[in-house]
Structures are given as structure tokens and as C-alpha cells.
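The lines below spell out each chain.
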Amino acid sequence: YEGSKWGKYLRAPEIFFTILEKGKDLFVPLKEVADVRRGFTTGANEFFYLTEEEIKKWKIEKEFLQPIIFTLKEVDGYSVDKNNLKFKVLICHKQKEELKGTNVLKYIEYGEERGREFQKRPTCGSRSPWYALGKGWSYAPLIFPAKVGERMPVFLNNSVFEDKKLYGVIPKNKEDTILLGALLNSTVSRLIVEHTCRQLTGAQAIADIDVVVVEHLGIPNPSELSKKIRTKLENSFRELSETRCESIFEEIGANTPEEVSLDKVKPERRELDKIVMGEILGLTEEEQLEVYKAVIDLVKSRLEKARSVPKQAKRKRVDIGALAESILREIDTSDLKKFPDDYIEGEECREIEVPEGKPEAGSDLHGFFVKIGDARIECGSQAEAKYIEYAVMNGNARIRIPKDERAIKNAVECYGSAFNKLKKDVSIYTRKTIKNNKLREKVEAVVLRKITKH
């Protein structure tokens, strides 16, 4: 499959290959039948996410508030109940002049006051106005967790927005919503996810699911399923949705692979799985048993691995931010101006939008590019790639790029020279004042981040 990492095949049980073989003409990546998005990255959760007490305090008008799910722990079953959610999210796309006389304007101005100044944070500053979160967004009918412990519900939704720790799944055909919910909650999908996610480092029994993993998750193509099968799947998922989503050990009714038995599996889950495994993929009952055993084994191994990692003794915490601020007071940063605006005055420009993340300029056989998270931005020259990298470093989500290549090169050279000199000055200073190498590297990174993202 496109996007697969070969390492997962080395540790896969035999049943994994059986599923791939039987589904080779049937499976499609989820992204072919649905759009997958990362939830809100607010840039200032303490401003945008409000409890009922905070809402009452500020008397914010209801029209500017929407329920939001912040964590998987807020969902008991396979559908979200907005009454169980802790926060509401501020959604306001009006300009300030349109908000005169409202309490939400008072709250926005509070967020802009000295000591908070949320509008100056990189993510907030990339929006216009800075508080206009979620422009053009609608509710995602399905929500997929980004981090998984023992539970992994992909749940139905019709009235709630999602935080960045969750992914919204929007079927391209709305009539496929219940069907996709059924397929994504099958134990076969859980098996595939457990092979494609990564375990977080340290003593954490959490599986980290990247948005690319969700996009490339193989599921039976809805258009290849008969009307009879679709109806059975939808009905079985509706029955499952009436139940709580328990840990995988409770859902399958076993704590070890040896304890797995088909008659111990939660009845509603078993009915759904029989359709997916048996009627769609053609797995025998013995093979279906192996699927359950493999999932139990994978999750159990993940938990045991986490428990085996010794917890580090608590150390006295060092305030890296305070150290960085003290260094900034000693280092001259006046030569480094805001990139790119201060370097391209008067130039005719085009604009591009880029995602949030750490940028990395590079090149390969296809040419020059900038990689930001999972996104790749093709560039016409090495200078343009470096230009975009510097612009993203400076907190820009919308980048103005001169149409004149000479102007791009000049901006990159001027900024690069000043930035490299500053890096050298910071390094010289920290080597004199911080003896611990790891601490020094962390402090230097924070200093440079504070310098570039004003």
C-alpha cells in the first residue's frame, strides 16, 4: 500500500498477510472515500476553550460558542454526547467593528492585553482576524482518535468540533457515513492500525496514529459492497453504537491470546466482525479467531513494553524559558529583521498558504522542495525553498514570495547571513554559561525559536 512502512511487515502475524491477500482487490485507502483532517490547532487553548464557569463570567453570547471534544476520555461509546463535554470553543469570524457592544469583543480585547497578547502567537497571528478559528469548517460525521490506549472507538458525530488530538473523517458520499463507521470499528481495522501506528517513547502505553496512517488505512471499498451487505453492516453498527466502548480486552473477552474464544467476544462486536471478516473478506472462523488473538497480542505487548520501561527519578526542573529569556537580554538581535516582509519591501509578490509545522528545505531527483510535516511544497529553485523555510520559521502561514528571482536570492542571503551570525553568538554565549550539553541544546533551540517567531 502507498505510504506503508516496510518495518511493520517484519513483525506481522500470518493472519495479517492473509487479510492483505484476501482484500487486495477490495481494499482502498480511506482517503479515496473520505477526507481526513486534523482537529483544531488553536495556538492558545487557554483562550479558545472555555468552561461553563468562564462562559458565565464573561457572559459570552451563545452564537459564538460551539461544543468541542478535547479528549477521547469524554466519549463512553460510539457516538459523542455534547452534554458530556468539558469545553466550548470560541468561533467568531466577525471583525471587531461588527462586534461593538458585545461581550465577546470584551473577551477578545482581554486576550490582546499585555501579558497575554494571544494575537502575537504564530498560529493565532496567521489568521485574519487572529481569533477567527475554523473558517469554512463544518462538523465531521466521524471522529478518529489520534492516540489509542486500550480503547479505539471511531465515533459518530453531528454537532461537535474536534481538537487536534482527534481527526475528523468526512465521507465523500454522505450516505456512506454509517457504513464507514462500521468498517472503521471492525476488529480488522484495529489490527491494521496496531501495525501501522507507532508507540510513544518511554513508559507510555499509547499508540500514536498519524493523519497519514488514517488516510492510508485500508478498508473494503463501499462501492464494491452489495446493498444487502451494506444494510447488514449499518444495522450491526447501530446496535454496537447502543453499547459502551470498552477496552479491547473486554470487547474480545480475553486478556491473552490463549484465552480468546469466538463465543466470548462481545455480541454486538461479533456480529459486525462476522460480516466484515466472514462475508466480505471470506475468512474462516479459525482465521477470524486468529485476528482476535493477534489484536490481543499486539495491544498486550504494547502495554507490557511500556510497563517494562523504568520510570526516571524526578529531577529538579530547570526553567528553560527563563534561561532563554536571560540570554536574549544579553545577545544583540537587532540585525535580524522579520522575514520575509522586512526584506522584500516594494517587491511584486505572489502568495501561498502553508501548513503549520517544522520546515525542512531539500532536494531530490524531482527538484527542490520544502517539507512541513506530511506536506511537500515544490519549489522552482534552491533559493525559493530556503525562502519558504525561513518564512515558516518566522511563523508565517501565508507567505508572500517575490516574482523576481533576484529579490528572493537577496532576501535569503541577507537573512541567512544575519541568522547564522546570531546562531554563532548564541552558541558562544551558552557554551560559556551552560555546561550540560543536552540542556544547552534545548536552551539554544528555544532562544532561536523566540527570535524567529516574534
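Note that the coordinates shown come from a computational prediction; the quantities given were computed from them, not determined experimentally.

**Q** Where do I start with the overall build of the chain in this structure?
**A** The secondary structure content of the chain amounts to 17 helices and 18 strands. When its C-alpha atoms are laid out on the principal axes, the chain stretches across 70 × 55 × 50 Å. Counting all 454 residues of the chain, 48% fall into the buried class. Approximately 24200 Å² of the chain is accessible, and the part contributed by carbon and sulfur atoms is 47%. Taking the average place of the 80 positive charges on the side chains of the chain and the average place of its 75 negative ones, the gap between the two points comes to 5 Å.

**Q** I'm lost on the sheet that holds strand β10 (residues 166-171) in this one. Help?
**A** Two pairing modes exist for strands in a sheet, parallel and antiparallel, and in both the strands are linked by backbone hydrogen bonds. Overall, antiparallel pairing links the four strands, which are arranged β2-β10-β6-β8 in an open sheet. Among the strands making up the open sheet, the edge pair consists of β2 (34-38) and β8 (155-156). As defined by bridge partners, strand β6 (residues 142-145) adjoins β10 across four bridges and the pair is classed as antiparallel. Opposite Phe144, over in β10, you have Tyr167 as the bridge partner.

**Q** Got a minute to help me understand the environment of Lys147 in this structure?
**A** Tracing the backbone shows Lys147 in strand β7 (residues 147-148). On the basis of relative accessible area, Lys147 is assigned to the partly exposed category, the value being 42%. For the pair Lys147 and Asp76, spaced 71 residues apart in sequence, the C-alpha to C-alpha distance is 16 Å.

**Q** So what exactly am I meant to see when it comes to the pattern of salt bridges here?
**A** Close approach of charged atoms allows side chains of opposite charge to pair. Per the counting criterion, the structure on display carries 33 salt bridges. Salt-bridge contacts for Lys96 lead to Glu112; the nearest nitrogen and oxygen are separated by 2.6 Å. Of the two residues, Lys96 sits in the loop between β5 (87-90) and α5 (103-112) while Glu112 sits in helix α5, which places them 16 residues apart along the sequence. Take Lys96: its relative accessible area is 32%, and that puts it in the partly exposed class. Glu112 sits in the buried class, given a relative accessible area of 18%. Here Asp163 and Lys165 are joined by a salt bridge, their closest N and O atoms 3.0 Å apart.

So, how was this worked out
- Residues numbered from 1 in each chain as written.
- Predicted model: local features only at pLDDT ≥ 70, side-chain atom pairs only at ≥ 80, totals over all residues.
- Heavy atoms only, no water.
- Helix = DSSP H or I, 4+ residues; strand = E, 2+ residues; numbered from the N terminus.
- Buried < 20%, exposed > 50% of the residue type's maximum accessible area, 1.4 Å probe, protein only.
- Areas by Shrake-Rupley, 256 points an atom, 1.4 Å probe, with all protein chains shown as cover.
- Lys, Arg positive; Asp, Glu negative; His and termini not counted.
- Charge placed at Lys NZ, Arg CZ, Asp CG, Glu CD.
- Pairing = 2+ DSSP bridges.
- Salt bridge = Lys/Arg side-chain N within 4 Å of Asp/Glu carboxyl O.

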